[in-house]
Amino acid sequence: MAIGATMHSFTVQLSDVDRGVYDELALRVARHPSETAAYMLTRILAYCLEYEEGIAFSEGVAATDEPAVLVRDLTGAVTAWIEVGAPDAARLHTGSMLGARAVVYTHRDPDKVAAAWTGKRIHRAEDVLLHSFEPGFVERMAEAVERRSTMTLTRTEDRVYVDLNGTAGESDITTRSAA
């Protein structure tokens, strides 16, 4: 945990109909002092929407050589490199080389995020997926984040429904290739 980080606890009821994943998650998330609530919530959404055995948070914005979220198999090999926000092309290139798959979840304008990668070298760029939410969704939901939060998250037909501490919201999840 980074010095000065604030610990947040999330109890999440996850129902991912699209992937057939149903679970209750108890998450402890360290929020770095320079990390916005929207970025932290996007990390949590990415974790939940990619949830599988071996998934873990890195040190968040303090991690320089790991993504926000990653998945390792039982041998320790990276199977999924999951970035959040607007990572640069070099990080995606590295992640795509290290992991069997690389994805990005952003709370920012996906056109601007993808534009920064144009003309830059990204290993298997056509396989790197950029997932985004409707404008303002993450920011509105982030206003409901508390130190101890309860959340229900349901995904069906690429639409996410979230109830965070009594605040409800929903958004389409738009997916595009990094290429």
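All figures in this text were calculated on a predicted structure; none of them were measured in a lab.

A separate point is the overall build of the protein chain. The helix and strand tally for the protein chain stands at four helices and 10 strands. Reading the secondary structure of the protein chain in the N-to-C direction produces β-β-α-β-β-β-α-β-α-β-α-β-β-β. For 179 residues, the compact-globule estimate of 2.2 N^0.38 gives 16 Å, and the protein chain sits close to it at 15 Å. For the protein chain, the C-alpha atoms occupy an extent of roughly 45 × 35 × 30 Å along the three principal directions. Among the 179 residues that make up the protein chain, the fraction classed as buried is 48%. In the protein chain, once contacts between residues fewer than 6 apart in sequence are set aside, the share between residues at least 24 apart is 52%. For the protein chain, the exposed surface amounts to about 8,800 Å²; the carbon and sulfur share of it is 50%.

Moving on, we come to the packing of aromatic side chains. Throughout the structure, instances matching the rule amount to four aromatic pairs. Between Y47 and Y51 the ring centres are 6.0 Å apart and the planes differ by 45°, which places this aromatic pair in the tilted class. Here Y51 falls in the partly exposed class, since its relative accessible area comes to 22%. Considering the side-chain rings of F133 and F137, the 5.8 Å spacing of their centres and the 35° angle between planes classify their relative orientation as tilted. Taking relative accessible area as the criterion, F133 reaches 7% and is therefore assigned buried. Through a chain of ring-to-ring contacts, the aromatic side chains of Y47, Y51 and F57 assemble into a single cluster.

Turning our eyes to something else, we now look at the side chain of R159. Among the secondary structure elements, R159 is positioned in strand β9 (residues 159-164). Side chain to side chain, R159 and E170 meet in a polar contact 2.8 Å long. The residues touching R159, leaving out its near neighbours within four places in the chain, are E134, T154, E170, S171 and D172.

The 10 strands are arranged β2-β1-β8-β9-β10-β7-β6-β5-β4-β3 in an open sheet whose pairing can be described as mixed. A single partner strand is all that each edge strand has here, and the edge strands are β2 (21-31) and β3 (55-57). Strand-to-strand twist in this sheet, taken as the mean axis angle between neighbours without regard to direction, amounts to 25°. Where β9 and strand β10 (residues 167-177) come together, six bridges link them in antiparallel fashion. Bridge pairing links Y161 to E170 in β10.

Let's shift gears to unusual backbone geometry. Of note, R124 is a non-glycine position whose phi angle comes to about 50°, a positive value. Mapped onto the fold, R124 is located in the loop between α3 (110-115) and β7 (129-133). Of note, N165 is a non-glycine position whose phi angle comes to about 50°, a positive value. Positionally, N165 belongs in the loop between β9 and β10.

Bridge analysis of strand β1 (residues 6-16) against β2 gives 11 bridges, and the strand direction is antiparallel. When the sheet's bridge partners are listed, T6 is paired in β2 with R31. Here β1 folds back onto β2 in antiparallel fashion, the turn holding four residues, of which G20 has a positive phi close to 70°.

Conventions adopted
Residue indices follow the written sequence of each chain, beginning from 1 at its first position. Residue-level local features of this predicted model are given only where pLDDT is at least 70; pairs of side-chain atoms are given and counted only at 80 or more, and the full residue set underlies all totals for whole chains, interfaces and linings. Hydrogens and waters are ignored; side-chain quantities use all the structure's heavy atoms. A run of H or I in DSSP becomes a helix once it reaches four residues, and a run of E becomes a strand once it reaches two; helices and strands are each numbered from the N terminus. In this setup the radius of gyration rests on C-alpha atoms only. A globule is expected at 2.2 Å times the number of residues raised to 0.38. Burial classes: relative accessible area under 20% of the type maximum marks a residue as buried, over 50% as exposed, and values in between as partly exposed (1.4 Å probe, protein chains only). We call two residues in contact whenever any of their non-hydrogen atoms come within 4.5 Å of each other. Computed with the Shrake-Rupley method and a 1.4 Å probe, the accessible areas treat only the protein chains shown as cover for residues. Stacked, tilted and edge-to-face pairs are distinguished by plane angle, under 30 degrees for stacked and over 60 for edge-to-face with tilted covering the rest, among Phe, Tyr and Trp rings (Trp via its six-membered ring) whose centres lie within 6.5 Å. Side-chain atoms alone can form a polar contact between residues adjacent in sequence; in general such a contact is a pair of N or O atoms within 3.5 Å, and within protein one must be able to donate a hydrogen while the other accepts it. In this description, strands pair whenever DSSP reports at least two bridges between them. Comment: axis = line fitted to C-alpha atoms, over the contacting stretch for helices; angle = value between 0 and 180 degrees taken between N-to-C directions.

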